[in-house]
Amino acid sequence: MPAEPVPSLDAIRLSGVDLGLAHLLDAAELDRAATFRSPALQNRFLAGRIALRLHISALTGEDPGSLIADYACPSCRNHGDTGHGIPQYRLPSHPGRLRASLSRSGDWCLLAASLDQDVEGIGVDIEDGTAADFAEFQSLALTANERRELHNAPPALGVRLQTGLWVRKEAVLKALGTGLAQDPVLVDVSGSQPAVLGQPPLPGLWNLEDINPASVGLPDNFIASRAVRRAARL
């Protein structure tokens, strides 16, 4: 069987994005940017959304300003050009929906997108390797299997492994479409197939992978993961 198409993946330095391209964004995205009180956070939000449109344009050949935002928020049950939620776009020349994901950390942004209609969800996440270095992390975020994995790991790797587990969880929750509306302490990513404790197997076929930062141009101190959820074949 031919290999499944792999969603595109790229890392962008947010400070290098031309904010003069903010006219490419929808009104709801601009309104959302205006809710950030800090100019630095506002600019990072705008840069991330601009970068995502440029990434999709490079993947599809579409004009980045012609993309029709179709964001979905599971928490407030809004769908369409809401300016927040799960990133999805409709393309003028393509009948299907394009799935996408975006993760920001500091001055960096990781992007992924796919036109494959078998892909029902994509999630990417990046964090600095020390992001989970606090005392309460394990009790707030990890399952028993994950705590066992940490216990068996060399102490020198503990902090990065903790952060890696969190990054995987974030990627899975984005691909699942729930975000943090699903309690992350119930999401187990200690194996190749993610699971939610106490619930049936997660729908679809999953590919959960850690991304080598150097492969996408991220600094070595970052940790990155991608989760792809495809429709189950009968």
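Residues numbered from 1 in each chain as written. Predicted model: local features only at pLDDT ≥ 70, side-chain atom pairs only at ≥ 80, totals over all residues. Heavy atoms only, no water.

All right, on to the UniProt feature "domain: 4'-phosphopantetheinyl transferase" (unreviewed entry) in the chain then. As recorded in UniProt, the sites labelled "domain: 4'-phosphopantetheinyl transferase" (unreviewed entry) are residues 121-189. Here residues 121-189 runs as 48% helix and 14% strand, with 17 Å between its end C-alpha atoms. (UniProt positions renumbered as here; feature names shortened; annotations may be inferred. Helix = DSSP H or I, 4+ residues; strand = E, 2+ residues; numbered from the N terminus.)

Before going further, it helps to examine the packing of helix 1 (residues 27-34) against helix 2 (residues 39-60). Their axes nearest at 8 Å, the elements helix 1 and helix 2 cross at an angle of 155 degrees. By the angle between their directions, the pair helix 1 and helix 2 is classed as roughly antiparallel. Across the interface between the two elements, Glu29, Leu30, Arg32, Ala33 and Ala34 from helix 1 touch Gln42, Phe45, Leu46, Arg49 and Arg53 from helix 2. (Axes fitted to C-alpha atoms, helices over the stretch in contact; angles between N-to-C directions. Parallel < 35°, antiparallel > 145°, perpendicular 65-115°, else oblique. Contact = heavy atoms within 4.5 Å.)

At their nearest, the axes of helix 4 (residues 144-152) and helix 5 (residues 158-176) sit 9 Å apart, and the two run at 155 degrees to each other. Looking at the two axes, helix 4 sits roughly antiparallel to helix 5. Pair helix 4 / helix 5 crosses with right-handed handedness. Every residue of helix 5 that contacts helix 4 at Glu146, Glu149 and Leu150 is listed here: Gly158, Leu161, Gln162, Leu165, Arg168 and Lys169. Among the residues forming the contact of helix 4 with helix 5, the class breakdown is three nonpolar, two polar and four charged. (Left-handed = near helix turned anticlockwise from the far one by under 90°. Nonpolar A, V, L, I, M, F, W, Y, C, P; charged D, E, K, R; others polar.)

Applying the stated criterion across every chain yields a total of eleven salt bridges. Across the salt bridge formed by Glu29 and Arg53, the nearest N and O atoms sit 3.2 Å from each other. Linking Glu29 in helix 1 with Arg53 in helix 2, this pair joins segments that are 24 residues apart in sequence. Assigned by exposure class, Glu29 and Arg53 land together as buried. In this structure, Glu120 engages Arg229 in a salt bridge whose closest nitrogen and oxygen atoms are separated by 3.1 Å. In this pair, Glu120 is assigned in strand 8 (residues 119-128) and Arg229 in strand 12 (residues 222-230), connecting sequence segments 109 residues apart. Here the salt bridges share partners, and the residues they tie into one network are Asp26, Glu29, Arg49 and Arg53. (Salt bridge = Lys/Arg side-chain N within 4 Å of Asp/Glu carboxyl O. Buried < 20%, exposed > 50% of the residue type's maximum accessible area, 1.4 Å probe, protein only.)

Taken in spatial order, the three strands of this open sheet run 8-12-11, and their pairing is antiparallel. Sheet topology places strand 8 and strand 11 (205-211) at the edges, where each strand pairs with a single neighbour. Direction aside, the axes of adjacent strands within the sheet are offset by 10 degrees on average. Bridge count between strand 11 and strand 12: seven bridges; the pairing is antiparallel. Residue Asp210 lies in a different strand from strand 12, and its bridge partner there is Ser225. Sheet strands in contact with helix 5 are strand 8, strand 11 and strand 12, and its direction is about 150 degrees off that of strand 8. (Pairing = 2+ DSSP bridges.)

Another point: the nonpolar core. Within the largest apolar cluster, 23 residues are counted, with the highest numbers of intra-cluster contacts made by Leu52, Ile56, Tyr89, Leu98, Ala100 and Leu111. Every element with two or more residues in this core is listed here: helix 2, strand 5 (88-91), strand 6 (94-105) and strand 7 (108-114). Top element by residues in this core is helix 2. It accounts for seven residues. Beyond its immediate sequence surroundings of up to four residues, Leu52 is in contact with Tyr71, Pro87, Tyr89, Ala100, Ser101, Leu102, Leu111 and Ala112. (Core = buried A, V, L, I, M, F, W, Y, C linked by side-chain atoms within 4.5 Å.)

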